[in-house]
Amino acid sequence: MKFFVDSADIKEIRDLAETGLVDGVTTNPSLVAKSGRKFLDVVKEICQVVPGPVSAEVTATDFPTMLKEGQKLAGLAPNIAVKVPLTWDGLKTCRALSSADAKVNVTLCFSAPQALLAAKAGATFISPFVGRHDDIGQDGMALIADIVAIYRNYPALTTEVLVASVRHPIHVVQAAKLGAHVCTLPPNVLRQLANHPLTDKGLDAFLADWKKTGQSIL
Ligand code: E4P
């Protein structure tokens, strides 16, 4: 499973990318606003730090303007994935950009039929939002199960399932068990993946015993 960082915070992205475990980045207008940076500057910088796909979202809602914005974003760096919302204009934009060989991430997906449309429109990634589903008392992971199962029935579809709006490591485990291709994780959730209290406790005990030996490896 690929791990993307869901953030526009360049310091966090740089820090996590140094682990060599970051396969890409997703941003959205809210994350860019939170960063306090200029959108195009921050996206270009992220593209230099992470070689994998970096999602940058259009903000127009009509097809002609979305397409122009998407073309501009796609021209910023070879690893840009243009993010478009799952609307009819967004799907048209996806089709036009993917036909011109740009990577496209179709975002704000909340149903299986929406995911089917995005795949037919040539999306590189479909982003179903699990956490926001859970927030309204629905089962976000059931949506991932449906989309993964549907896409598997049609091997010609190459769209990757990018699990978004991830809130905790259990979402990641469930998504991996279902065979989703990518999880995009807020930095704190990505860090949480490595944590376990028994790891900390075990390491403390090993180090205490090692100290008693008076030895050193180097
Ligand atoms: C995905 O690309 C989105 O940026 C993100 O996962 C949304 O998550 P949220 O529901 O926590 O805002």
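First, a word on what this report is: a plain description of the structure on this page.

Parameters at a glance
Residues numbered from 1 in each chain as written. Predicted model: local features only at pLDDT ≥ 70, side-chain atom pairs only at ≥ 80, totals over all residues. Heavy atoms only, no water. Core = buried A, V, L, I, M, F, W, Y, C linked by side-chain atoms within 4.5 Å. Buried < 20%, exposed > 50% of the residue type's maximum accessible area, 1.4 Å probe, protein only. Helix = DSSP H or I, 4+ residues; strand = E, 2+ residues; numbered from the N terminus. Contact = heavy atoms within 4.5 Å. Expected span 1.5 Å × (residues − 1). Arc of directions from axis to C-beta. Near = heavy atom within 4 Å. Polar contact = N/O pair within 3.5 Å; in protein donor to acceptor, adjacent residues only side chain to side chain. Areas by Shrake-Rupley, 256 points an atom, 1.4 Å probe, with all protein chains shown as cover. Nonpolar A, V, L, I, M, F, W, Y, C, P; charged D, E, K, R; others polar. Axes fitted to C-alpha atoms, helices over the stretch in contact; angles between N-to-C directions. Parallel < 35°, antiparallel > 145°, perpendicular 65-115°, else oblique. Left-handed = near helix turned anticlockwise from the far one by under 90°. Patch = residues over 30% accessible without salt bridge, like charges linked within 9 Å, V, L, I, M, F, W, Y side chains within 5 Å. Salt bridge = Lys/Arg side-chain N within 4 Å of Asp/Glu carboxyl O.

With 54 residues, the main nonpolar core has Val-106, Ile-126, Val-161 and Val-163 as its most contacted residues. Sorting elements by how many residues they give to this core places helix α8 (residues 140-152) first, with 6 residues. Ignoring anything within four residues of it in the chain, the contact list for Ile-126 reads Leu-86, Asn-105, Val-106, Cys-109, Ala-115, Ala-118, Ile-147, Tyr-151, Thr-159, Glu-160, Val-161 and Leu-162.

Take the environment of Ala-115 next. Mapped onto the elements, Ala-115 comes out in helix α6 (residues 112-120). Between the C-alpha atoms of Ala-115 and Ile-217, which are 102 residues apart in sequence, the distance is 54 Å. Those residues within four positions of Ala-115 in sequence are excluded, and the remaining contacts are Leu-86, Cys-109, Ile-126, Ile-147 and Tyr-151.

What follows concerns helix α5 (residues 88-99). Taking 1.5 Å of rise per residue, 12 residues should cover 16 Å, and α5 covers 17 Å from first to last C-alpha, within 8% of that figure. Here α5 has its buried residues at Gly-90, Leu-91, Thr-93, Cys-94, Leu-97 and Ser-98. All buried residues of α5 project into a common sector of 160 degrees when viewed along the axis, lining one side. The exposed residues of α5 that point more than 90 degrees off its buried face are Trp-88 and Ser-99. For α5, the secondary structure elements touched by its buried residues are α4 (63-74), β4 (80-85), β5 (103-109) and α6.

A few words now on the site of the ligand. Close to the ligand lie Asp-6, Thr-26, Asn-28, Lys-83, Phe-129, Arg-132, Ala-164, Ser-165 and Arg-167. Contact between the ligand and Ser-165: an oxygen atom at 2.7 Å from a side-chain N or O atom of the residue. For the ligand, the protein covers 85% of the area, taking 350 Å² as the surface of the free molecule. Here the residues of the shell around the ligand are counted per class, giving 2 nonpolar, 3 polar and 4 charged.

This next bit is on the packing of α6 against α8. Put simply, α6 and α8 touch, their axes get as near as 9 Å, and they point 40 degrees apart. On the basis of the axis angle, α6 is oblique to α8. The two elements α6 and α8 cross, and the hand of that crossing is right-handed. Facing α6, whose interface residues are Ala-112, Ala-115, Leu-116 and Ala-119, α8 presents Leu-143, Asp-146, Ile-147, Ile-150 and Tyr-151.

Here the focus is a nonpolar patch on the surface. On the surface, Trp-210, Ile-217 and Leu-218 cluster together into a nonpolar patch covering about 450 Å² of accessible area. With respect to the secondary-structure elements, Leu-218 resides in the segment after α11 (197-213).

Structurally, Ser-165 is set in the loop between β7 (160-163) and α9 (169-178). Exposure remark for Ser-165: the relative accessible area of 7% places this residue in the buried category. A distance of 3.1 Å separates the side chain of Ser-165 from the backbone nitrogen of Arg-132, its partner in a polar contact. Not counting residues within four places of it along the chain, the set of residues in contact with Ser-165 comprises Phe-129, Val-130, Gly-131, Arg-132 and His-171.

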